[in-house]
Amino acid sequence: MRLLDVSAVLDRERVIRQAGSETKVLEQLDGEAAKYAILSHRWGTEVDYDEMTGLMKMDEHNRDKVRQRDGYRKIIKSCEQAKEDGYTWLWIDTCCIDKRSSAELSEAINSMYRWYCNADICYVYLNDVDGSALPTEQDFIRFGRSNGWPEWFSRGWTLQELIAPTELEFFNKNWVSIGTKQNLAFTLQDITRIPRGGLKGGKTLNSINSRMRPSVAQIMSWAADRKTTRVEDRAYSLMGLFGVNMPMVYGEGPKAFQRLQLEIIRVTCDHSIFAWNPKGQG
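Residues numbered from 1 in each chain as written. Predicted model: local features only at pLDDT ≥ 70, side-chain atom pairs only at ≥ 80, totals over all residues. Heavy atoms only, no water.

Novice: When you look at the packing of aromatic side chains in this model, what are you seeing that I'm missing?
Specialist: Note on aromatic pairs: each is described by the distance of the centres and the angle between the planes. The full count for this structure, using the stated rule, is nine aromatic pairs. Ring centres 5.4 Å apart and planes at 65° place the aromatic pair Trp-91 and Trp-115 in the edge-to-face group. Residue Trp-91 is located in strand S4 (residues 89-91), and its partner Trp-115 is located in helix H6 (residues 102-118); the two are separated by 24 residues in the primary sequence. The exposure class assigned to Trp-91 is buried, which follows from its relative accessible area of 0%. For Trp-115, a relative accessible area of 9% corresponds to the buried category. Considering the side-chain rings of Trp-91 and Tyr-116, the 6.1 Å spacing of their centres and the 85° angle between planes classify their relative orientation as edge-to-face. One end of the pair, Trp-91, is in strand S4; the other, Tyr-116, is in helix H6, with 25 residues separating them in the sequence. Both residues of the pair, Trp-91 and Tyr-116, belong to the buried class. (Phe/Tyr/Trp six-rings, centres within 6.5 Å; stacked < 30°, edge-to-face > 60°. Helix = DSSP H or I, 4+ residues; strand = E, 2+ residues; numbered from the N terminus. Buried < 20%, exposed > 50% of the residue type's maximum accessible area, 1.4 Å probe, protein only.)

This is the structure we're talking about:
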């Protein structure tokens, strides 16, 4: 996997106005061996791989336009937090994947759940929460477009990003910590309808003890109300939770979810998938 070198990113930012300050900020490392932090977030005006690696090659005007984006500030604040916590490496999906390569994108999507599982800690950035605590009741005035909760909780990809890491810390829009997965377990259970046992970390889903594993129907129900920008991602974002792999075929539409169900049936003897009510998953 390709990881951000936290110190290199921050050092480059300090000398951003100096000529000849080109710095390598991304390294290819063994994700099984490296100790790293990882970021989960709702996308906005992001900075991609090409912009992150080519920042110093831009003219000053274009470089400043990139640095003024919310997505760039998010990268810098994530690196600052990782450095404060003692991490050398950080993974962020927006800039650590070269999405111009369909092969790399497919590999990343098929590996992403494992990457979140293997991270030492996951930072969750809630850009629409300005208070010092996670909301404990639905607020349709503030969060009307996401069922009364911060938008992060309504997205398809963030389900695996909530479940997979063992250690997870939430930050508000000002990068102030508002709690961890452990001490917010009851609130998270109320928001997501996922029992606290299901929030302990992604390795629980792979437990050899069947009584500890949630059923296929349970996991499907956790994802039922979540949305993705592309219809295919409703399936692709669940692969890691079910321990399956599939090739990415953007453009296949709802057929992606049919392929996911067939793959689950192929690798599991859990028949609860036949009892699951797929309303809204068309």
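Still to come is the rest of the account.
Novice: Where do I start with the environment of Lys-24 in this structure?
Specialist: Mapping Lys-24 onto the fold places it in the loop between helix H1 (6-14) and strand S2 (26-28). Lys-24 gets classed as exposed once you look at its relative accessible area, which sits at 57%.

Novice: Explanation requested: the domain arrangement of the chain in the structure shown.
Specialist: Interface size is commonly expressed as the accessible area that is lost once the parts come together. When the domains of the chain are assigned, the result is domain 1 (2-211) and domain 2 (214-281). Here the C-alpha centre of domain 2 lies 23 Å away from the C-alpha centre of domain 1. Across the contact, 22 residues belong to domain 1 and 21 residues belong to domain 2. With both chains or domains summed, domain 1 and domain 2 bury close to 1900 Å², and 57% of this area falls on carbon and sulfur atoms. Counting across the domain 1 and domain 2 interface gives one salt bridge. Here Asp-225 makes a salt bridge to Arg-193, at a shortest N to O gap of 3.5 Å. At the surface where domain 1 touches domain 2, the tally comes to ten residue pairs in polar contact (both at pLDDT 80 or more). (Domains from an automatic or database assignment. Contact = heavy atoms within 4.5 Å. Buried area = accessible area lost by both parts, 1.4 Å probe. Salt bridge = Lys/Arg side-chain N within 4 Å of Asp/Glu carboxyl O. Polar contact = N/O pair within 3.5 Å; in protein donor to acceptor, adjacent residues only side chain to side chain.)

Novice: Honestly, the sheet that holds strand S6 (residues 168-171) in this entry has me stumped. Any pointers?
Specialist: What holds strands together in a sheet is hydrogen bonding between their backbones, with the strands either parallel or antiparallel. The mixed open sheet is built from seven strands, whose spatial order is S2-S1-S4-S3-S5-S6-S7. A strand with exactly one partner marks an edge of an open sheet, and here the two such strands are S2 and strand S7 (177-180). Ignoring strand direction, the axes of neighbouring strands in this sheet form an average angle of 30°. As defined by bridge partners, strand S1 (residues 2-5) adjoins S2 across three bridges and the pair is classed as antiparallel. Opposite Leu-3, over in S2, you have Glu-27 as the bridge partner. The strands touched by H1 are S1 and S4; relative to S1, the strand with the most contacts, the crossing angle is about 50°. This element, H6, spans S1, strand S3 (36-41), S4 and strand S5 (121-125) of the sheet and lies at about 110° to S3. (Pairing = 2+ DSSP bridges. Axes fitted to C-alpha atoms, helices over the stretch in contact; angles between N-to-C directions.)

Novice: What exactly am I supposed to notice about the layout of surface pockets here?
Specialist: Unfilled space is identified by rolling a water-sized probe across the atoms. Volume-wise, the largest pocket comes out at about 530 Å³. Lining the largest pocket we find 19 residues, and of these Trp-43, Asp-93, Trp-157, Thr-229 and Asp-233 sit closest to its centre. Of all the elements in the fold, those that place two or more residues in the lining of the largest pocket are H6 and helix H7 (157-163). Classifying every residue of the lining of the largest pocket by side-chain character gives seven nonpolar, four polar and eight charged. (1 Å grid on protein atoms, 1.4 Å probe; cavity = no way out; pocket = protein on both sides within 12 Å on 5 of 7 lines; lining within 4 Å. Points joined across faces, edges and corners; volume = space filled by probe spheres on them. Nonpolar A, V, L, I, M, F, W, Y, C, P; charged D, E, K, R; others polar.)

Novice: Mind showing me how you'd approach the state of the cysteines here?
Specialist: A disulfide bridge is the covalent bond that connects two cysteines by way of their sulfur atoms. Counted under the stated rule, the structure contains zero disulfides. Cys-79 takes part in no disulfide bond, and the closest cysteine sulfur to it belongs to Cys-95, at a distance of 7.8 Å. (Disulfide = S-S within 2.5 Å.)

Novice: Looking at this structure, how should I read the pattern of salt bridges?
Specialist: A side chain of one charge can pair with a side chain of the opposite charge when the charged atoms of the two come close. Per the counting criterion, the structure on display carries 18 salt bridges. Put simply, Arg-42 and Glu-151 hold a salt bridge, and the shortest N to O gap is 3.1 Å. Here the residue Arg-42 occupies a position in the loop between S3 and helix H2 (49-53), and Glu-151 occupies one in the loop between S5 and H7, the gap between them amounting to 109 residues. The salt bridge partner of Asp-64 is Arg-67, with a shortest N-O separation of 3.4 Å. Pair noted here: Asp-64 and Arg-67 are both in helix H3 (residues 60-67), with a separation of three residues, about one helical turn.

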